[in-house]
Amino acid sequence: MGSFAVEIQDIVKKGTWENWVRLRDADSGQVHLRLTWFTLSPDVLQLQKSFDPVAKKLNLSNAVFIVYVDAANALPNAPKTATEPSPFVRLSVGETKYQTNVQQTTNDPVWETGFCFLIKDPEIEDLTLELVDKKTEKVLGNLMIRISRLLSQDQMTMKLQKFPLKNSGFDSTVSLALQLKAMVKGTTDESNHLDQTVPVQPVVPAQDPPVENEKLDFKTKVAPPSLDEHMANILEPVLKPLDVDPDVIETVTRKRNVERNNLPEFDKFSVQLTLRYSMQRQLLIAVVHKVMNVPMGNQSDLPDPYVKLLLLPDQMKMSKRKTSVVKNSVNPVYDETFEYTLLPSEINNRTLVVSVCSRSSSTIFGRCLTLGKGAIELAKLDLSKAVTDWFELENIDCDEGGND
């Protein structure tokens, strides 16, 4: 119906701005506005002074709570499966809820993301976090932090640290930095001594009413910020008050990216497995994720590979496990889970033999070709936690001689 513009700098200078304003493009009518500029202070005394009975009655906020979610470590695998989870974090304070992006297939996710909550009463409000597996929607761990804990901290700040997770793995943690800031009324001159870490937004100048029949082209007059500018505007105000140096974050991020990319060269015939031993259930759990660079063998067509597992020294059929067949692929993906009942004392004496085979369609009986094989000595692995790795296979181009 109408619009108006006001100089933000006027509000910053005066602290409070109140007026009746006439709307542009409206034939009649005015709006009464009362605008107040707040600065942010990490001083607990300023927080105590900022409590306003009128604001409390109107259910208004008097503080900003900043949460920086850095990473999590040693998360458990998704329930009822041995596969690595695809975790994200749900955060909530009262009715306000946020969540991070999803990190695919990892027990050590990294988010490096900041969030801000408006706080009405830090004495009674809590931060609740849930780490959730996207694939199963199961909770991998949770944490509750009373915001009142920050009132006794220097500058109402908890610098970046690890918090142990509840209902999670034995060593599962999430790394957070937290700060509470009081919203203090006043002009710029009155609050120069306060810590001003949230930059003032650019002033939007008041414009004369448009000439009649003039059409405003917002696409040309208002340039949208770039993605880098948008992320900088979000992260810089969050990182500065938490004493998290953006240069340090950039260095850590670069190091993490190198670690993520430091994977084995996949020009070799390899299989990706996850192995772990459940002491409680007395089960060896093996997950066949995928195979890379399956050789063609003597076949002219693409192979139809599948993976066989055999737990030595048991040569009986009951120890054999087999994935489904993936048609016409040299890089098949399975993500299939198999279990072996074993006593803890038997683990160190077992060897898992992994074979990649392909059914040959050249004969009426569909004979089985073994394309590669590898042996994994379980005694060399720490199976008290899930081990996910690539295992190189030896090329074998021979006929097994029979149906499988």
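Quantities reported herein were computed from a predicted structural model and do not represent experimental measurements. (Residues numbered from 1 in each chain as written. Predicted model: local features only at pLDDT ≥ 70, side-chain atom pairs only at ≥ 80, totals over all residues. Heavy atoms only, no water.)

K.L.:
Give a detailed account of the overall build of the protein chain, specifying residues and quantitative values.
P.N.:
Counting its secondary structure elements, the protein chain contains six helices and 20 strands. Going through the 404 residues of the protein chain one by one, you find that 40% of them count as buried. Taking the intrachain contacts of the protein chain between residues at least 6 apart in sequence as the baseline, contacts between residues at least 24 apart amount to 66%. (Helix = DSSP H or I, 4+ residues; strand = E, 2+ residues; numbered from the N terminus. Buried < 20%, exposed > 50% of the residue type's maximum accessible area, 1.4 Å probe, protein only. Contact = heavy atoms within 4.5 Å.)

K.L.:
Give a detailed account of the sheet that holds strand S19 (residues 387–392), specifying residues and quantitative values.
P.N.:
If you walk across this open sheet you meet the four strands as S16-S13-S12-S19, and the pairing is antiparallel. Where the open sheet ends on each side, the last strands, each with one partner, are strand S16 (333–341) and S19. This sheet shows a mean twist of 25° between the axes of neighbouring strands, independent of strand direction. Bridge count between strand S12 (residues 270–278) and S19: six bridges; the pairing is antiparallel. Within S19, the residue paired with Val-271 across the bridge is Phe-391. (Pairing = 2+ DSSP bridges. Axes fitted to C-alpha atoms, helices over the stretch in contact; angles between N-to-C directions.)

K.L.:
How would you sum up the environment of Lys-327? Please name residues and give values.
P.N.:
In this fold, Lys-327 is placed in the loop between strand S15 (320–322) and S16. The spatial distance from the C-alpha of Lys-327 to the C-alpha of Ser-358 is 9.3 Å, given a sequence separation of 31 residues. The residues contacting Lys-327, other than those within four sequence positions of it, are Pro-303 and Asp-304.

K.L.:
Please set out the sheet that holds strand S8 (residues 126–133) residue by residue, giving values where relevant.
P.N.:
An order of S6-S5-S8-S9 is seen for the four strands of this open sheet, with the pairing classed as antiparallel. Among the strands making up the open sheet, the edge pair consists of strand S6 (96–99) and strand S9 (139–146). With strand direction ignored, the average angle separating the axes of adjacent strands in the sheet is 15°. Relative to S6, strand S5 (residues 87–93) runs antiparallel, the two being bridged by four bridges. Bridging across to S6, Val-93 finds its partner in Thr-96.

K.L.:
Tell me about unusual backbone geometry, residues and numbers included.
P.N.:
Going from Leu-312 to Pro-313, the amide bond is cis rather than trans, its omega being 10°. Locating Pro-313 in the fold gives a position in the loop between strand S14 (305–312) and S15. Even without being a glycine, Glu-112 presents a positive backbone phi close to 55°. Its location among the elements puts Glu-112 in strand S7 (residues 110–119). Within the chain, Glu-137 stands out as a residue other than glycine whose phi angle is a positive 65°. Relative to the elements of secondary structure, Glu-137 occurs in the loop between S8 and S9.

K.L.:
Describe the packing of aromatic side chains, and please don't skip the residues or the numbers.
P.N.:
Under the defined criterion, the tally for this structure stands at three aromatic pairs. With a centroid separation of 6.3 Å and 35° between ring planes, the pair formed by Phe-65 and Phe-117 is classed as tilted. Separated by 52 residues along the polypeptide, Phe-65 in strand S4 (residues 63–73) and Phe-117 in strand S7 bring together distant segments of the chain. Classification of Phe-65 by relative accessible area gives buried; the value is 0%. Judged by its relative accessible area of 1%, Phe-117 is buried. Each member of the aromatic cluster is reached from another via a ring pair, and the members are Phe-65, Tyr-98, Phe-115 and Phe-117. Residue placement shows Arg-321 over the ring face of Tyr-340; its charged tip is 4.3 Å from the ring centre. The ring centre of Tyr-306 lies 5.7 Å from the NZ or CZ of Lys-322, which sits over that ring. (Phe/Tyr/Trp six-rings, centres within 6.5 Å; stacked < 30°, edge-to-face > 60°. Lys NZ or Arg CZ within 6 Å of the ring centre and 35° of its normal.)

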